[in-house]
Structures are given as structure tokens and as C-alpha cells.
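Structural features, examined
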Amino acid sequence: MPEIQKPNTHFILLSLWLLMFSSSSQFLIISPILSQIGEQLSIPNALRGTLITAYALTLGIVALLTGPISDRIGRRKVLLIGSGILAVSLAFHQLAFDYTSMLIMRILSGFGGGVLTGSCVAYIGDYFPKERRGWANGMIATGSAAGQILGIPVGTIISEMFGFYAPFQFFAVIMFIAFFMILFWVPQPKVELANCSIKIGAIVNDYFAILKIKSVKTIALGYLLMFLSVTVFIVYFPTWLEIEYNASSVEIALLFFIGGLATIFSGPVAGKISDRSGRKNIIIIANLLLGLIMSISLFFLGFGIEFSYPVFFIIMLLAVGRMIPFQALASEMIDDKSRGRMMALVISVGQIGMAIGSAISGYVYTEFGFFGNAIIGAIASIAMAILINKYISEPKMTLEKETV
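This structure is a prediction, so every number in the text was calculated from the model and none was measured.

**Description of the pattern of salt bridges**
- Evaluation of the coordinates by the stated rule reveals three salt bridges.
- Here arginine 75 makes a salt bridge to aspartate 71, at a shortest N to O gap of 2.8 Å.
- Judged by its relative accessible area of 2%, arginine 75 is buried.
- When the shortest N-O distance is used, the salt bridge between arginine 279 and aspartate 275 registers 2.7 Å. As far as the burial class goes, arginine 279 and aspartate 275 line up, both buried.
- Beyond isolated ion pairs, a larger network of salt bridges with shared partners links Asp71, Arg75 and Asp126.

Written out as C-alpha cells, the structure is:
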């Protein structure tokens, strides 16, 4: 492991932060401007949602294929390829003139996003020592939170002023900046690269081989439960508030703004604490508290819509408080040569958890009300805590003594 120089570390974190900010913002912005895209390109209502589906499916498939490639050619090259593809594809959104051309642009963006997915976390696992990985993961995770609290409002305003193309151009510029920062200032970590095959059949066999490792199997299932628990709760939370309290769009936007603030606060703090005291206990405690808060949330929400803000803040605080140490723990469960495949695999499984949570949330909400969503989210969180406690042994690491 190379000695980490402070200037290099700061440039690395800023580069990865910009990647996270731009990639998350360009994905999140689709939802609030989807109707505008549909109207400008004359896309029927029934087809508009497929712009999101196409991106997500492409991302998941490409992420799995990129994992072994990053293990073979190095994380820096993959970051350059992914950021370059995503920057160009976002810039090319200007050329979209109908449904088909816009769908192609979202597929290209999903390709770039898939190349990047898992690579940031894997790079941190390669470059930073174990006692710094939680802190580093927490720092770059604030990029996604900033996309939620800054990227969406800014993108929406730009879209209203200049058309739906404008936000994509804006985020393309940021992605180009990240690309050139990686090109000039981000080094390839000095880790042994794998001599793995990048043929489809070999990749599939490699993933099955990795899944035979007990700890990897547990981490993958943990990712599924982690994403499922939050998704099944959040998807219909705004709908419930609109029906129960006639919540306005401004109140819903404020809710997610507050959730983003919780993410920015919780990520670095949880990562730093996990560097000092270990990851496993933080993950277990956060999951148990999250399960408790979700299960009793409707009691507090019954007092009025104003209680939704502290409830959502605490839920997002705990959700990110478990995710950051869990990402760091996942990166330590396998050797350097397989880390890219490992992260691509578990993050893709996490996307499956998100898809399951989204799919069942509507049925549960219709049949049992939002109480059912909250209970399933709580059960999934508690199940994750039990899973980690029983089947994961935390790797030994030197506790952090100095600040980068």
C-alpha cells in the first residue's frame, strides 16, 4: 500500500465526489422533469417510465461485466472509461428529438454509469488502508446526497429556464471536469492486477465461484436486504403523506432535502466511527435502530405532517449510517485482485433488492396501507442485522490514529 500524500488524497476524494454527484444527479433529475421530456418529445405517458427502466437495466448488466475488467486492467482506467462515456452521452442528450433517440441516450448513459458503478468503492478499497476506508467512503457518499439536495433543485430550475436538455449538459460539464481530474491527478493504486478472463462464459463462472465464498454470499444478501428495506418504505411515503395530509410538492421536496442533509452528515461520521471502533457493530446497531424507527414511525406521523421531517431525517441518518461501514466491510472481504468483481456483484444484487422493494411496495400499500410498507422495511433491516451478526467475522485492522 503506497504512502498516502495529503494533496493526492484530497484530489482523489474530490474527483470521486464529482463522479458521484454528477452520476447520481443525472439519474435523479429524470423523475421531476419526466413530464417535460415527454411533452417536448411527444412521448406517450405509458412509455415515459421506460426511460428510467432502460437506464437501470443497462447499468446493472454493464456493472457485472465491468467488475472483472477492472480487476484486470486497473481501477483508474475503468474510472476514466466510465466518466468519459457518461460525460459524452450526457452531452449528446442535446441530439434527442423523439422517444427512440432519447431512449438510446439513456441506454448510453446507463452504460457509462454501469462502468462506474462499484469502481469508486473498489478504488477506495485499493488505495486506502483498512483504517481509512470507512472515512473515505463516507466522504464520497456525500456526493450522492448533494445530488439529492442540490442537483435536483438546480437541474429542475435549469430545465424550466432552458428546456430539459440543459440539466444533462450541466452534469456533463461536471463529469468532464472529473474525467480530467482523474486523468492528471488520480494514480493507479499499487495492487496486483488479476489475470482473469473477460469472456462472458468465464465472467459468469467467476461470479459463481466468488458467490461460493460464504462471506461474499452473506454480503450480497445483506446488500439485497439493505436496498429492499429502504425502497419499500420510501417509494410510497410521499404518496401516503399526500393522501393523509394533502402534502404539497414543496413539502415533499423539503422532506427529501432534509433527508439529503441527514445523508451528508451521517456518511462521513459513520465512516470515521467505523474506522475507529470497527464496522460490524455499527452496521448491526444501525439496522436494529432502523427497524425500530420504521415499525413505530406511524405512531409519530399520526401527530401531523410536521413529524414526517424528523422521522425521515432519522431514517435516512440510520440508512446511510449502516451503508457506509457496510461498503467498507464489503471491500475487505476479498483480495485486491477480485475486489472489482466483488463490488460489481454485490451492488448489482443490491439493485435487485431495490427492484423487489419497488415491485412489492405498491401491492403492500394497496392491501395493507403504509403500515405494511413500514413493517416490511423494519423486518428487512432487522434480518440484515441478524445476518451480519451471525455470519460475518470482521477483518482485523489497525485503528486510525491520525487524520488525513
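The discussion continues.
**Let's talk about the nonpolar core**
- Leu16, Leu19 and Ile37 are the most contacted members of the largest nonpolar core, which has 45 residues in total.
- Listed by contribution, the elements that provide at least two residues to this core are helix 1 (6-28), helix 2 (30-41), helix 4 (50-73), helix 5 (75-91), helix 6 (99-116), helix 7 (119-127), helix 8 (130-162) and helix 9 (165-185).
- Of the residues forming this core, the biggest block, nine residues, is contributed by helix 9.
- Excluding its chain neighbours within four sequence positions, the residues that come into contact with isoleucine 37 are Ile30, Ile43, Leu51, Met102 and Phe164.
- In this structure, Tyr207, Leu224, Phe227 and Phe326 belong to the second largest nonpolar core, which totals 34 residues.

**Thoughts on the packing of aromatic side chains**
- Taken as a whole, this structure holds 22 aromatic pairs when the rule is applied.
- Taking 5.2 Å as the distance between ring centres and 25 degrees as the angle between the ring planes, the aromatic pair formed by phenylalanine 27 and tyrosine 55 counts as stacked. You can see phenylalanine 27 sitting in helix 1 and its partner tyrosine 55 sitting in helix 4, a full 28 residues away along the chain.
- Here phenylalanine 27 falls in the partly exposed class, since its relative accessible area comes to 33%.
- Judged by its relative accessible area of 5%, tyrosine 55 falls in the buried class.

The rules behind each value
Residues numbered from 1 in each chain as written. Predicted model: local features only at pLDDT ≥ 70, side-chain atom pairs only at ≥ 80, totals over all residues. Heavy atoms only, no water. Salt bridge = Lys/Arg side-chain N within 4 Å of Asp/Glu carboxyl O. Buried < 20%, exposed > 50% of the residue type's maximum accessible area, 1.4 Å probe, protein only. Core = buried A, V, L, I, M, F, W, Y, C linked by side-chain atoms within 4.5 Å. Helix = DSSP H or I, 4+ residues; strand = E, 2+ residues; numbered from the N terminus. Contact = heavy atoms within 4.5 Å. Phe/Tyr/Trp six-rings, centres within 6.5 Å; stacked < 30°, edge-to-face > 60°.

Honestly, that's just the spatial picture; any functional story needs more than this.
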